[in-house]
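Breakdown of the fold
Each chain, written out:
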Amino acid sequence: MVVNALRRILEALGHRVTKRIWRLGFAARFLFATLLHSGTALKRFHLTIREIYFTGVLSLIIILVSGLFVGMVLGLQGYDTLQRYGSTEALGILVALSLVRELGPVVSALLFASRAGSAITAEIGLMKATEQLSAMEMMAVNPIARVVAPRFWAGVISMPLLAALFSAMGIFGGYLVGVQLIGVDAGSFWSQMQASVDFREDIVNGVIKSFVFGVIVSWIAVFEGYDSDPTAEGVSGATTRTVVTSSLAILFADFILTAFMFRG
Amino acid sequence: MNRATIDLWVGVFVAIGLASLLFLALKVGNLAASSTGETYRLQAEFDNIGGLKVRAPVKSAGVVVGRVADIGFDAESYRAVVAMNIDSRYKFPRDTILTINTSGLLGEQYIGFEVGGDTEMFKDGAMVKKTQSAVVLEKLISQFMFNKAAEDNGGGEKK
């Protein structure tokens, strides 16, 4: 009796774990297949350009506006803390470093996951539910090459650009609040920023981060869409999973990358 | 939406994305400052460089004239060897004294040039002889404390 109950619990646990691992393996093979069939997406580049329009260009407004406001809040909060130590000229450093290193890549990736990632999943999931993907296969068109790869590459290309825009907009917001509104000296704001933000150490590392996040978000989005149950419920579940999984994956990857990049 | 419009918007998007990267590199970062023209190399030995870092500024009269390129350790003399890239527009006399200073009480450390009066100038790759080490704040404080303690003890014995 007790043994049976215990056995059932262990079985349930084992089933969950093997299911996760199986899915992870499937996702890895899916990524490999996507990379293998990227030839079409890069050769017929207008397919990818179309997807860049939907993922990148249409995310511009939300990225720019949030970047501006994040920068303005950083300006206000940073000034409030720094003035206690009488070093308000360091406001530029604070705003620029926190945006370029962390907030730019991470927040824009989170926004990108919920704005564009969920849309990609829903689109591919619905294509699957309405059997468009099967129809393509019937016509000897590989849906991974025709549908998945362009969306994947569009996300990978858009993400670093969006993160750079977010950081630039945020620094502009910090400048607006710090220099124009509060009255920190503009010269020291910019010069201190330039003296402590290193191109290789900070900016290039930020771009590398956002590139990695772009791969993660696009991968999860196309995989969840392709793997979704072909029902209305399945598509909605897949969309939710995309946002949750990619947000967690972004934060986790950010920790790993930061530990390697900025430990010294 | 037709293809030309989409191409246009994607073009605009990529252009402003690259422009903001350029803005980050030039206006926010130090790419512009690090790649200005010709430099020559100077080396100097210090007893203690404190918290000096690679890429720290080299200043003369408060103006940045170069940057620290490399920091090494001489295993024979047990001294720190600091290599600097100095802007070739500026020449310094051979009896210039190099000191490691701190900007502000807790600010970053930099190398200061105290210009001498020699008529001969430093050449590329020259080794600077006259240097003055960084002031290590902890040493200064502990020295002060020990002196203070010694004074107090001395005063007590006299009584």
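Residues numbered from 1 in each chain as written. Chains lettered and ligands numbered in written order. Predicted model: local features only at pLDDT ≥ 70, side-chain atom pairs only at ≥ 80, totals over all residues. Heavy atoms only, no water.

1. Here we look at the overall build of chain B
Of the regular secondary structure elements, chain B holds 3 helices and 8 strands. The linear arrangement of helices and strands in chain B, starting from the amino end, is α-α-β-β-β-β-β-β-β-β-α. Looking at chain B residue by residue over its 159 residues, the buried ones come to 30%. Intrachain contacts of chain B at a sequence separation of at least 6 include 63% that bridge at least 24 residues. Counting every atom, chain B has about 10000 Å² of accessible surface; 58% of that belongs to carbon and sulfur. (Helix = DSSP H or I, 4+ residues; strand = E, 2+ residues; numbered from the N terminus. Buried < 20%, exposed > 50% of the residue type's maximum accessible area, 1.4 Å probe, protein only. Contact = heavy atoms within 4.5 Å. Areas by Shrake-Rupley, 256 points an atom, 1.4 Å probe, with all protein chains shown as cover.)

2. Brief notes about the sheet that holds strand β1 (residues 39-46) of chain B
Residue and element names in this part refer to chain B. The 8 strands are arranged β7-β1-β4-β3-β2-β6-β5-β8 in an open sheet whose pairing can be described as mixed. What marks the edges here is a single partner per strand, and that holds for β7 (126-128) and β8 (131-132). Across 3 bridges, the pairing between strand β2 (residues 57-60) and strand β6 (residues 109-114) is parallel. Counterpart to serine 60 in the pairing with β6 is phenylalanine 113. (Pairing = 2+ DSSP bridges.)

3. Structural notes on the domain arrangement of chain B
Entries for chain B in the domain assignment read domain 1 (1-35) and domain 2 (38-143). With centres defined by C-alpha atoms, the gap from domain 1 of chain B to domain 2 of chain B works out at 39 Å. (Domains from an automatic or database assignment.)

4. Some details on the interface of chain B and chain A
Each partner contributes to the interface: chain B provides 23 residues, whereas chain A provides 26 residues. Summing both partners gives a buried area of about 2300 Å² for chain B against chain A, and 79% of it is carried by carbon and sulfur. Its largest share of buried area at the contact with chain A, chain B owes to Phe13, Leu24 and Val28 of chain B, together 28% of the area lost on that side. At the surface where chain B touches chain A, the tally comes to 2 residue pairs in polar contact (both at pLDDT 80 or more). For the side of chain B that touches chain A, the class distribution of residues is 15 nonpolar, 4 polar and 4 charged. (Buried area = accessible area lost by both parts, 1.4 Å probe. Polar contact = N/O pair within 3.5 Å; in protein donor to acceptor, adjacent residues only side chain to side chain. Nonpolar A, V, L, I, M, F, W, Y, C, P; charged D, E, K, R; others polar.)

5. What about the layout of surface pockets?
All names here are of chain A. Volume-wise, the second largest pocket comes out at about 380 Å³. As for the second largest pocket, its lining consists of 13 residues, and the residues nearest its centre are Leu24, Ala27, Phe223, Glu224 and Thr245. Counting residues per element, the ones that place at least two in the lining of the second largest pocket are α1 (2-36), α9 (199-227) and α10 (232-261). Residue composition of the lining of the second largest pocket, grouped by class: 8 nonpolar, 1 polar and 4 charged. (1 Å grid on protein atoms, 1.4 Å probe; cavity = no way out; pocket = protein on both sides within 12 Å on 5 of 7 lines; lining within 4 Å. Points joined across faces, edges and corners; volume = space filled by probe spheres on them.)

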